[in-house]
Each structure stands twice: as C-alpha cells, then as structure tokens.
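What follows is the residue order along each chain.
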Amino acid sequence: MNTIAQTAQPRWKIALNMMTNPGEVVKTQMHKVPWPFSLLISGLSFTLFFLQTGLDMLRTGQIGISTVILITMLGLFYGTAGVALIAVMAWAISQAGERSYTIDWAVSSFALGYSPSFIYAMMGLIFSVTLGWKTAVAFGVTGVLWALRPSMYTIRQMSGDRVAFSIALTTLCGAIILAGWALLGRFGM
C-alpha cells in the first residue's frame, strides 16, 4: 500500500506565502497560524520600521540615541497592540462574528499580513546601516503599503466577500496605521 503522508507546512512558509498569495492563505491556512506568531511578525516589522525612522532622524540631528531607542520600542508596541486593535476594529465593523470568524483569527490574519513589511523593513535597515541611507519612507512605508493587499483579503473574507466594503475598510485601516506612524515619529522630536 502506497500512502503519502501530508506534512505540515512551516509557519514561516505560510508567512512568505502571505506575500505572494494572500487570498489563498487567508482562506485555507490561517487556522494553522496562532496569533502570537503572527503578532511576532507584525511586531518585528514595526520595530524595524520605527528603528529606521529613528535612525533617519538621528542622522539629521533631530533626536539623540536614547530617543531612537524609545521610538524603536514604540514600534514594537505599535506593531503588536496597534495592529491587534486595528484587527479587532475591522472584525467588528465587518461583522465577522456572524460568519464564524473569531477575534483570534482576525488578529492573526491581520498581523501575518505584515510579513511583506517585515521583509522590506529588514532590507531597509540593511541599506540604512551599511550605506547610511534614509530608508524609513522608501522601505518602511512601502512595506506597510504592501501589507494592504493581505489586509484587504482578510477583510473581504470576514465581510462575506463584499469587495467595495473591503476596499473602503482596508483604506481606512491603512490610513490609521500610517497616521499613527507619523504621529509617533513626531513624538520623538
């Protein structure tokens, strides 16, 4: 008898798949990813993004090293608690509970959607440290914008496939995330 055992896909592969095929991941694989792992991804993404912001501001003489550290810690907080709050807001507005989507699933899906941001933030930090470039806008904001696609698929799934609603709510969530980054970046000044 020839049987092939299915092997479980590692979580990091699911995170990478979120960049290339977020719709499929949201529909079929999110139940395999616990919310703490996903929040680790979004937390690290924003930690590195805010670190880039702090380093950019340090290079221009706007802040000192202690403020860079503070901004970096704010990034960790923003990438975990902030993303979780945005996910809960989207879950509530889209009435996902009526479609049997839990808050844990929503938080995990939203947070894992920041895996492209994590890749961009790592690349930006490498360019920032090695070449001295200001990278927060070029790499950090671009990474956050890449996360809008997985967010849209998550909202679309939670809202019962309402496309126009998903686009509007995704835009609102993205605007809140970027406005929060801008406000917290000013905090360091």
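Definitions and cut-offs
- Residues numbered from 1 in each chain as written.
- Predicted model: local features only at pLDDT ≥ 70, side-chain atom pairs only at ≥ 80, totals over all residues.
- Heavy atoms only, no water.
- Helix = DSSP H or I, 4+ residues; strand = E, 2+ residues; numbered from the N terminus.
- Rg over C-alpha atoms; globule rule 2.2 N^0.38 Å.
- Axes fitted to C-alpha atoms, helices over the stretch in contact; angles between N-to-C directions.
- Parallel < 35°, antiparallel > 145°, perpendicular 65-115°, else oblique.
- Contact = heavy atoms within 4.5 Å.
- Nonpolar A, V, L, I, M, F, W, Y, C, P; charged D, E, K, R; others polar.
- Salt bridge = Lys/Arg side-chain N within 4 Å of Asp/Glu carboxyl O.
- Buried < 20%, exposed > 50% of the residue type's maximum accessible area, 1.4 Å probe, protein only.
- 1 Å grid on protein atoms, 1.4 Å probe; cavity = no way out; pocket = protein on both sides within 12 Å on 5 of 7 lines; lining within 4 Å.
- Points joined across faces, edges and corners; volume = space filled by probe spheres on them.

Caption draft 1: The overall build of the protein, seen in detail. A tally of helices and strands in the protein yields nine helices and zero strands. Counting helices and strands in the order they occur from the N terminus, the protein gives α-α-α-α-α-α-α-α-α. In summary, the protein has a C-alpha radius of gyration of 17 Å against a globular reference of 16 Å for 189 residues, a match within 12%. Overall, the protein is about 65 × 45 × 25 Å in size when its C-alpha atoms are taken along their principal axes.

Caption draft 2: Representation of the packing of helix H7 (residues 136–146) against helix H8 (residues 148–158) within the structure. Here H7 crosses H8 at 20 degrees, and the two axes come no closer than 4 Å. The angle between the axes of H7 and H8 places the two elements in the roughly parallel class. Of the residues in H8, those in contact with Val144, Leu145 and Trp146 of H7 are Leu148, Arg149 and Pro150. Its residues assigned to classes, the contact of H7 with H8 comprises five nonpolar, no polar and one charged.

Caption draft 3: Highlighting the pattern of salt bridges. Enumeration over the complete set of coordinates arrives at two salt bridges. Residue Asp56 is joined to Arg59 by a salt bridge in which the shortest nitrogen-to-oxygen separation is 3.8 Å. Note that Asp56 and Arg59 are positioned in helix H3 (residues 35–59) at a spacing of three residues, about one turn of the helix. Among the residues examined, Arg59 registers a relative accessible area of 36% and is labelled partly exposed. One salt bridge in this structure joins Asp161 and Arg156, with 2.6 Å as the shortest N-O distance. For Arg156, a relative accessible area of 26% translates into the label partly exposed.

Caption draft 4: Examining empty space enclosed by the protein more closely. By the definition in use, this model includes one cavity of 30 Å³ or more. Taken as a whole, the largest cavity holds about 40 Å³ of empty space. In this structure, the largest cavity is lined by Ser45, Phe46, Phe49, Ser117, Tyr120, Ala121, Phe139, Gly140, Gly143 and Val144. Among the secondary structure elements, those contributing two or more residues to the lining of the largest cavity are H3, helix H6 (115–131) and H7. If you tally residues by element for the lining of the largest cavity, the top one is H7, at four residues. Considering only residue class, the lining of the largest cavity consists of six nonpolar, four polar and no charged.

Caption draft 5: Seen up close, unusual backbone geometry. Here Gln95, not a glycine, exhibits a phi torsion of approximately 55 degrees, which is positive. On the accessibility criterion, Gln95 (38% relative accessible area) is partly exposed. Even without a glycine there, the phi angle at Ser100 is positive, about 70 degrees. Topologically, Ser100 is positioned in the loop between helix H4 (65–93) and helix H5 (103–112).

Caption draft 6: Quick peek at the environment of Arg156. In this structure, Arg156 sits in helix H8. Once you skip the residues sitting within four places of it in the chain, Arg156 turns out to touch Asp161, Arg162, Val163 and Ser166.

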